[in-house]
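# A closer look at the structure
If you want the building blocks of each chain, they are given just below.
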Amino acid sequence: MAKTGFCDSIPLLDLHKKVVEERRAPLRALANACGPKERWQPQEGESKGTYQKTEPEARWARRLPVSTDDGIIMGFHEDDSPSHSGGCMEEEAVLIYLHGLQGLYSLQALVPGMLRHETELAMETLGLIYDRSYAWDIFSDMMRSQLRFTFPNADLPRPFTYTTRAILVDWLIQVHEVFHFSEETLYLSVHLLNRCLHQIKVNTAKLQLLGVVCLFLAAKKEECLLPEVSELCFLMENGYSNRQLLRMERRVLTELKFELSHCSPLHFLLLSASIAHCSAKVVWMARYLLELSLLEGQCVVFLAAHLAGAALCLSRRVLQEPPTPEGETAWCVASSIHVGSETTLLRIMLIQAGAAARAQSKDTRATFLKYSTAGTMHVSSHPSLLSAPCLLGLPTTHT
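Summary of the structure given here. These numbers come from a predicted model, not from an experiment.

### What about the pattern of salt bridges?
This model, assessed by the stated rule, comprises 8 salt bridges. For the salt bridge of Lys 370 with Glu 291, the shortest nitrogen-to-oxygen distance reads 3.1 Å. Taken together, the residues Lys 370 in helix α16 (residues 366-370) and Glu 291 in helix α12 (residues 280-295) connect sequence positions 79 residues apart. Just as Lys 370 is buried, Glu 291 falls in that class too. One salt bridge in this structure joins Lys 362 and Glu 296, with 3.8 Å as the shortest N-O distance. With Lys 362 in the loop between α15 (342-358) and α16 and Glu 296 in the loop between α12 and α13 (304-319), this pair connects stretches of sequence that are 66 residues apart. Here Lys 362 falls in the partly exposed class, since its relative accessible area comes to 25%.

Structural data, given as structure tokens:
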């Protein structure tokens, strides 16, 4: 994939105009290629020598896959092929649906290029890529991969409840801390657990074993050093044998068809925070809110990008840091990923705000204690979290 060509030393609008001019076909070739209906005809009372300026075509929306249900921009590819006039009105309708703004063509020129450029810089800063030319392809694949395993509803099979699931996930967070696993391992293990609860029939007696197996498989995929099977059985007070654990592992792999890949919402969070130039405290607060959503059974139906965007938005509202022009501009670019999904983000923010307000008094306090240390800037003890639902102007929902 060719490099984007964006450079800090060249104004964005001038560069966009230059690229359009370079790709414009010669006048003679364009006239020969057009049919009789596409040629310009003078109107009544208009001389043939007059020239009528036309607006540039919405070329960047040609190959822009959009989910009309959630309004997420799934990819951005500039189309090198000639545009067809038949789809112009459809392209404009898609753009108006996404943005709902009047400055359509200026938005076309600015938002995609700025988002693409900032995404490349953010991925390079986070050490996610070695070649910037592949950054947008990786980001587009992230947006697509989150749609692979979605849940139509948040219902759990009997006899499990949201409370039972929250207790198990809270215990997995504690085990995750004992082995000092990476954050990606935790999010992958909870994702595998959600899939197993919907695909595998297990009774309550083997629910803990299923959770440990999901954590074990996630560690095999993400970690370099793995615990022994006997250590995992010891953490379960030897309630299960090594043979039972390995047998459950084979069963999980078979039912999931060995498909263990998952695009973690943490990746979207860190990427969006880097694009928005958020402070360290905002990022830690957002990570805390995002991890709290792992305990909420209602959040399994939402996409990873939505969960990350809601956590970052709520973190900014809770901390109320003084705004700066540069910061607001960067946030505008970062939040353009979620244009059209404001209702969904608000629903998630309400769930996360309620979870944060109750975290200190609940029995499942592993995440609260984890983010109450100096290394996490004591974000879980922030006094504004107790009134977080009030910041949204909505009542707290109880689950």
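### Structural notes on the layout of surface pockets
Which parts of space are left empty comes out when a probe the size of a water molecule is rolled across the atoms. Taken as a whole, the second largest pocket encloses approximately 730 Å³ of empty space. As for the second largest pocket, its lining consists of 37 residues, of which His 262, Cys 263, Ser 264, Pro 265 and Ala 304 are closest to the centre. Among the secondary structure elements, those contributing two or more residues to the lining of the second largest pocket are α5 (135-145), α7 (183-199), α8 (207-222), α11 (265-275), α12 and α13. Here the element with the most residues in the lining of the second largest pocket is α7; it accounts for 6 residues. Split into classes, the residues belonging to the lining of the second largest pocket amount to 20 nonpolar, 10 polar and 7 charged.

### Digging into unusual backbone geometry
Cis rather than trans, the peptide bond between Arg 158 and Pro 159 has omega equal to 5°. Note that Pro 159 resides in the loop between α5 and α6 (162-178). Residue His 180 is not a glycine yet carries a positive backbone phi of 55°. Structurally, His 180 is set in the loop between α6 and α7. In this model, Met 377 sits at a positive phi of 65°, which is unusual for a non-glycine residue. Relative to the assigned elements, Met 377 resides in the loop between α16 and α17 (388-391).

### What to know about the state of the cysteines
Tallied over the full model, the rule gives 0 disulfides. With no disulfide partner, Cys 313 has as its closest neighbouring cysteine sulfur the one in Cys 278, 9.3 Å distant.

### Here we look at the environment of His 277
Residue placement: His 277 occurs in the loop between α11 and α12. Residue His 277 is classed as exposed on the basis of its relative accessible area of 54%. His 277 sits 50 residues away from Gly 327 along the chain, and the two C-alpha atoms are 6.5 Å apart. When sequence neighbours within four positions are dropped, the list of residues in contact with His 277 reads Glu 118 and Ala 330.

### Some words on the packing of α6 against α7
Between α6 and α7, the least distance of the axes is 11 Å, while the angle of their chain directions is 150°. Classified by the interaxial angle, the pair formed by α6 and α7 is roughly antiparallel. Between α6 and α7 the crossing geometry is right-handed. Across from Arg 165, Leu 168, Val 169, Leu 172, Ile 173 and His 176 in α6, the residues of α7 making contact are Glu 183, Thr 185, Leu 186, Val 190, Leu 193 and Asn 194. Considered class by class, the residues forming the contact of α6 with α7 number 7 nonpolar, 3 polar and 2 charged.

Procedures and definitions
Residues numbered from 1 in each chain as written. Predicted model: local features only at pLDDT ≥ 70, side-chain atom pairs only at ≥ 80, totals over all residues. Heavy atoms only, no water. Salt bridge = Lys/Arg side-chain N within 4 Å of Asp/Glu carboxyl O. Helix = DSSP H or I, 4+ residues; strand = E, 2+ residues; numbered from the N terminus. Buried < 20%, exposed > 50% of the residue type's maximum accessible area, 1.4 Å probe, protein only. 1 Å grid on protein atoms, 1.4 Å probe; cavity = no way out; pocket = protein on both sides within 12 Å on 5 of 7 lines; lining within 4 Å. Points joined across faces, edges and corners; volume = space filled by probe spheres on them. Nonpolar A, V, L, I, M, F, W, Y, C, P; charged D, E, K, R; others polar. Disulfide = S-S within 2.5 Å. Contact = heavy atoms within 4.5 Å. Axes fitted to C-alpha atoms, helices over the stretch in contact; angles between N-to-C directions. Parallel < 35°, antiparallel > 145°, perpendicular 65-115°, else oblique. Left-handed = near helix turned anticlockwise from the far one by under 90°.

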